[in-house]
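Here is how the chains run, residue by residue.
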Amino acid sequence: MEGRNFTPGQLLDLDREHVWHPYGPMPAVERPLLVESASGVRLRLAQPVHGADELIDGMSSWWAAVHGYANPVIDAAIRDQLGRMSHVMFGGLTHEPAIRLADTLVGMTPGPLRHVFLADSGSVSIEVAAKMCLQYWRSRGRPEKRHLLTWRGGYHGDTWLPMSVCDPDGGMHHLWRGSLAEQIFADTPPAEFDTAYVEHLEEVLAVNAGRVAAVIVEPVVQNAGGMRFHSPRYLSALRELTAAHDVLLVFDEIATGFGRTGELFAADHAGVCPDVMCVGKALTGGYLTMAATLCTAGVADGISSGEVPVLAHGPTFMGNPLAAAAANASLGLLLEQDWRAEVGRIESRLTEGLAPALGLPGVRATRVLGAIGVIQLDHNADMATATRAAVRSGVWLRPFRDLIYTMPPYISTDDDIARITAAMLAAAAEA
Ligand SMILES: *Cc1c(COP(=O)(O)O)cnc(C)c1O
């Protein structure tokens with residue numbers, strides 16, 4: 001209630017009583033940390049935990065806060081926009097922040113992507129991508145092409161359609177059999193390029209092409225599905241195969257976009273352009289929720305020449321000016337700095353810092369790509385123990401399954417990264 005002063009303890013009791021957290025049971029079993037404020041790469045806690053009242057954020061708030069917190073440029077852009085308008089509907093109205101954002105996105109993504117649909121979260125941008133692809137084939141007189149093909153081990157979001165293309169095991173498809181859309185799955189891509197795997201993809205595609213609208217994948221890095229990397233040459237193979245079999249290609253760059261893997265977009269590792277691309281997460285620098293679905297002129301023309309020539313989608317908060325202003329400021333900051341050098345520096349520091357992990361018992365592998373560092377255990381981590389070990393080292397990490405990983409903000413100093421990797425080693429040793 002407005003005006004009442006709560007102690008941190010009271011807030012946490014109310015949290016436990018009423019608030020559902022991601023992937024959590026109700027009532028909760030874990031006690032979340034109460035964050036009072038954040039600036040730079042540091043989260044300030046309302047009450048000290050294991051002696052720490054400040055944690056270095058190794059997660060960038062789920063990979064979004066690439067410029068850290070309370071960035072003066074993004075703060076000022078949002079304040080300035082707030083002085084004009086926080087929101088207006090996007091049907092029949094438009095505004096400069098959204099127009100600028102679309103223009104910037106078209107300029108920085110691979111050439112043929114020309115049109116931008118602004119969505120309110122990554123999951124919704126995937127819904128829109130699927131709707132574009134299915135409607136494209138319906139307009140072209142091929143309504144039976146209404147399934148999606150993906151490889152196992154992926155993650156595309158938590159709403160219903162994205163769930164159907166998440167890894168069937170990790171996404172608990174057995175719970176939803178009969179109610180989730182049935183999609184087509186190829187095997188998980190191997191890390192190294194293997195022509196046998198390309199032949200496998202071709203076989204699955206050839207058998208199913210008549211009912212497949214699009215192939216959808218996370219390029220180069222499978223993120224929440226297991227933090228696995230694969231050869232960019234698979235993207236070139238997918239581009240050739242989808243073109244040969246009359247199937248569209250969708251890249252989900254929600255996690256990999258905006259420099260995270262060492263290229264501006266993961267697609268750039270292979271110089272490949274998909275027909276549809278989704279971006280989100282770091283789009284607003286982690287300030288506000290916004291995502292975007294981009295497509296080529298060919299996809300837009302296909303839809304426009306159909307019996308229903310419109311894309312029937314229009315979220316209430318589409319194109320939100322505050323989020324668009326944050327995105328414009330964040331992309332401006334990214335593009336005007338030497339982001340490639342910063343991400344390269346973080347890649348080197350992560351590589352050095354994680355090298356000793358291979359000597360630890362229980363560690364199966366380590367891998368680093370751009371500003372992504374992963375320790376994979378040979379067992380599932382005890383999340384509470386691993387988190388506690390990281391917090392004792394002054395770092396916020398959120399391990400899952402057998403993975404202790406970081407996706408730090410690009411503004412992390414060498415010293416910050418050294419502390420993050422030390423915390424990952426501590427978590428790996430105890431978990
Ligand atoms: C996070 C994520 C999504 C979902 O985005 P939300 O904004 O959480 O809905 C989809 N795809 C990938 C690859 C992601 O990492």
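None of these values were measured; they are calculated from a predicted model.

### A look at the site of the ligand
Argument step 1. Taken together, 16 residues sit near the ligand, with Gly122, Ser123, Gly157, Ile254 and Ala255 positioned nearest.
Argument step 2. With 3 residues, helix H5 (residues 122-139) is the largest single contributor of residues to the shell around the ligand.
Argument step 3. When its residues are assigned to classes, the shell around the ligand shows 6 nonpolar, 7 polar and 3 charged.

### What to know about the domain arrangement of the chain
Argument step 1. Partitioning the chain into domains gives domain 1 (33-62 + 338-430) and domain 2 (73-336).
Argument step 2. The distance between the C-alpha centroids of domain 1 and domain 2 comes to 28 Å.
Argument step 3. Taken together, the contact pairs 17 residues of domain 1 with 10 residues of domain 2.
Argument step 4. Of all elements in the fold, only helix H2 (60-63), helix H11 (339-354), strand S13 (363-369), strand S14 (372-377) and strand S16 (403-406) reach the threshold of two or more residues within the side of domain 1 that touches domain 2.
Argument step 5. Counting residues per element, the side of domain 1 that touches domain 2 draws most heavily on H11, which supplies 4 residues.

### Examining the nonpolar core
Argument step 1. Membership of the largest hydrophobic core comes to 124 residues, with the highest contact counts inside it found for Ala214 and Ala427.
Argument step 2. No other element matches H5, which puts 9 residues into this core.
Argument step 3. Of the domains in this structure, domain 1 (33-62 + 338-430) and domain 2 (73-336) are the two that each give at least three residues to this core.
Argument step 4. Beyond its immediate sequence surroundings of up to four residues, Ala214 is in contact with Cys133, Leu148, Val247, Leu248, Leu249 and Val250.

### Quick word on the environment of Glu263
Argument step 1. For Glu263, the position within the fold is in the loop between strand S10 (248-252) and strand S11 (276-279).
Argument step 2. For the pair Glu263 and Gly344, spaced 81 residues apart in sequence, the C-alpha separation works out to 9.8 Å.
Argument step 3. Once residues within four sequence positions are removed from consideration, Glu263 is found in contact with Asp268 and His269.

### So, the sheet that holds S13
Strand pairing in a sheet is mediated by backbone hydrogen bonds. Such pairs are either parallel or antiparallel.
Argument step 1. Strand order in the open sheet formed by 3 strands is S13-S14-S16, and the pairing between neighbours is antiparallel. Only two strands of the sheet have a single partner each, and these edge strands are S13 and S16. Along the sheet, successive strands turn relative to each other by an average axial angle of 10 degrees, direction set aside.
Argument step 2. Pairing analysis gives 4 bridges linking S14 to S16, with the strands arranged antiparallel. Residue pairing in the sheet places Ile375 in a bridge with Ile404 of S16.
Argument step 3. The strands touched by H11 are S13 and S14; relative to S13, the strand with the most contacts, the crossing angle is about 165 degrees.
Argument step 4. Helix H13 (residues 414-430) contacts S13, S14 and S16 of the sheet and is inclined by roughly 175 degrees relative to S16.

### Description of the UniProt feature "binding site: substrate" (unreviewed entry) in the chain
Argument step 1. Taking the numbering used here, the UniProt-annotated feature "binding site: substrate" (unreviewed entry) corresponds to Trp62, Tyr155, Lys281, Gly314 and Arg398. A maximum C-alpha distance of 33.8 Å shows the annotated residues, which cover 337 residues in sequence, to be distributed over more than one spot.
Argument step 2. Mapping Lys281 onto the fold places it in the loop between S11 and strand S12 (291-296).
Argument step 3. Not counting residues within four places of it along the chain, the set of residues in contact with Lys281 comprises Trp62, Trp63, Ala64, Gly122, Ile254 and Ala255.

### Quick look at the environment of Ala209
Argument step 1. With respect to the helices, strands and loops of the structure, Ala209 is situated in the loop between helix H7 (195-208) and strand S7 (212-217).
Argument step 2. Among the residues examined, Ala209 registers 16 C-beta atoms within 10 Å and is labelled partly exposed.
Argument step 3. Counting along the chain gives 35 residues from Ala209 to Ala244, while the straight-line C-alpha distance between them is 9.9 Å.
Argument step 4. Contact partners of Ala209, with chain neighbours within four places excluded, come to His245, Asp246 and Val247.

What counts as what
Residues numbered from 1 in each chain as written. Predicted model: local features only at pLDDT ≥ 70, side-chain atom pairs only at ≥ 80, totals over all residues. Near = placed C-beta within 6 Å. Helix = DSSP H or I, 4+ residues; strand = E, 2+ residues; numbered from the N terminus. Nonpolar A, V, L, I, M, F, W, Y, C, P; charged D, E, K, R; others polar. Domains from an automatic or database assignment. Contact = placed C-beta atoms within 7 Å. Core = buried A, V, L, I, M, F, W, Y, C linked by C-beta atoms within 7 Å. Buried ≥ 20, exposed ≤ 12 C-beta atoms within 10 Å, placed from the backbone. Pairing = 2+ DSSP bridges. Axes fitted to C-alpha atoms, helices over the stretch in contact; angles between N-to-C directions. UniProt positions renumbered as here; feature names shortened; annotations may be inferred.

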